[in-house]
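What follows is the residue order along each chain.
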Amino acid sequence: MLRGSEAPRSGPLVTIDPDAFVHPTALIYGKVSLAAGVSVWPNVVIRAEAYEVAIGEGSNIQDFVMIHVGNGMGTHVGRNCSITHRVTLHGCTIGDDVLVGIGATIMDGCVIGANSIIAGGAFLKEGTIVPPNSIVAGIPAVVKATRDSGPANRFNAHLYRMNAEAFARGEHRVWAQADLAAEAARFGVDRAF
């Protein structure tokens, strides 16, 4: 796993916990902190020229995600979140145990409540407040349903943490080797990957 000073494409204000994984193609600049168990995957860009970006413990930032600060505010991602491929986070706050679907955009001042799912391709306009346990979709995005997705979202984050630990060892097929049904059961989820 790459540590703060070992990450070849990061700035001096970046703080990376020793138990975080950062892919060498990630670009991380400005005041950014990555907590324990965070994984940052290929071609992620995180920039915090003003304010700060903070990623909470156990969260994963997947391939091609862009995270930037907003107009007058930083970006904060809670614990055990999955920020999936090609997501843009811009000056927003993401609660704990949230999954943000592929290609979603969350703009300045948005606050996403814990245990929520933001559907792939959703666009959350500035200042959108999403209550906990929401399922959100659309352009502009609105709450479509209410459900506690926390256990499933924590399980997804756990899978990425397992994957990051394997990648750090040079193993790139851990999900093919793991008993994913048993892992899912530990989280109270009845389906595996």
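Refer to the structure presented above.
Scoring rules and cut-offs
Residues numbered from 1 in each chain as written. Predicted model: local features only at pLDDT ≥ 70, side-chain atom pairs only at ≥ 80, totals over all residues. Heavy atoms only, no water. Helix = DSSP H or I, 4+ residues; strand = E, 2+ residues; numbered from the N terminus. Rg over C-alpha atoms; globule rule 2.2 N^0.38 Å. Buried < 20%, exposed > 50% of the residue type's maximum accessible area, 1.4 Å probe, protein only. Contact = heavy atoms within 4.5 Å. Areas by Shrake-Rupley, 256 points an atom, 1.4 Å probe, with all protein chains shown as cover. Lys, Arg positive; Asp, Glu negative; His and termini not counted. Charge placed at Lys NZ, Arg CZ, Asp CG, Glu CD. Pairing = 2+ DSSP bridges. Phe/Tyr/Trp six-rings, centres within 6.5 Å; stacked < 30°, edge-to-face > 60°. Salt bridge = Lys/Arg side-chain N within 4 Å of Asp/Glu carboxyl O.

Chemist: Mind showing me how you'd approach the overall build of the protein chain here?
Modeler: What the protein chain contains, in helices and strands, is 3 helices and 19 strands. The C-alpha atoms of the protein chain give 16 Å as radius of gyration, which agrees with the globular expectation for 193 residues (16 Å, within 12%). Referenced to the eigenvectors of the C-alpha coordinate spread, the extents of the protein chain come out at roughly 45 × 40 × 20 Å. Scored against the burial criterion, the 193 residues of the protein chain give a buried share of 49%. Nonlocal contacts in the protein chain, meaning residues at least 24 apart in sequence, comprise 15% of its contacts between residues at least 6 apart. Surface accessibility of the protein chain: about 8600 Å² in total, with carbon and sulfur atoms responsible for 55%. Here the protein chain contributes 15 positive and 17 negative side-chain charges, whose respective centroids are spaced 4 Å apart.

Chemist: Looking at this model, I keep getting lost on the pairing of strand β5 (residues 45-55). Mind explaining?
Modeler: Strand residues, when the strand is regular, have side chains that alternate between the two faces of the sheet. Bridging between strand β3 (residues 27-34) and β5 involves 7 bridges; their strand directions are parallel. Paired with Ser33 across the strands is Ala54, a residue of β5. Taken together, the 3 bridges between β5 and strand β7 (residues 66-68) define a ladder with parallel strand orientation. Paired with Ile46 across the two strands is Ile67, which belongs to β7. Sheet topology note: the β5/strand β8 (residues 75-77) ladder contains 3 bridges and is parallel. When the bridges of β8 are listed, Val53 appears paired with Thr75.

Chemist: Sorry, what's going on with the environment of Gly103 here?
Modeler: Positionally, Gly103 belongs in the loop between β12 (99-100) and β13 (105-106). With 20 residues separating them along the chain, Gly103 and Phe123 place their C-alpha atoms 8.9 Å apart. The residues touching Gly103, leaving out its near neighbours within four places in the chain, are His85, Arg86, Val87, Gly121 and Ala122.

Chemist: How do you make sense of the packing of aromatic side chains when you look at a structure like this?
Modeler: In this description, a pair of aromatic rings is defined by centroid distance and the angle of the planes. Under the criterion given, the structure shown has 6 aromatic pairs. Pairwise contacts between aromatic rings join Phe21, Trp41, Tyr160, Phe167 and Trp175 into one cluster.

Chemist: Can you walk me through the pattern of salt bridges in this structure?
Modeler: For side chains bearing opposite charge, pairing can occur when the charged atoms are close. Scanning the entire structure with this criterion turns up 5 salt bridges. With a closest N to O distance of 2.5 Å, Arg47 and Glu49 form a salt bridge. Judged by its relative accessible area of 31%, Arg47 falls in the partly exposed class. Relative accessible area serves as the criterion here: at 53%, Glu49 is assigned to the exposed category. Note that Asp97 and Arg154 form a salt bridge whose closest N and O atoms lie 2.9 Å from each other. Pair noted here: Asp97 is in the loop between β11 (93-94) and β12 and Arg154 is in helix α1 (residues 150-168), with a separation of 57 residues, a long-range link. The buried category is assigned to Asp97, whose relative accessible area is 10%.

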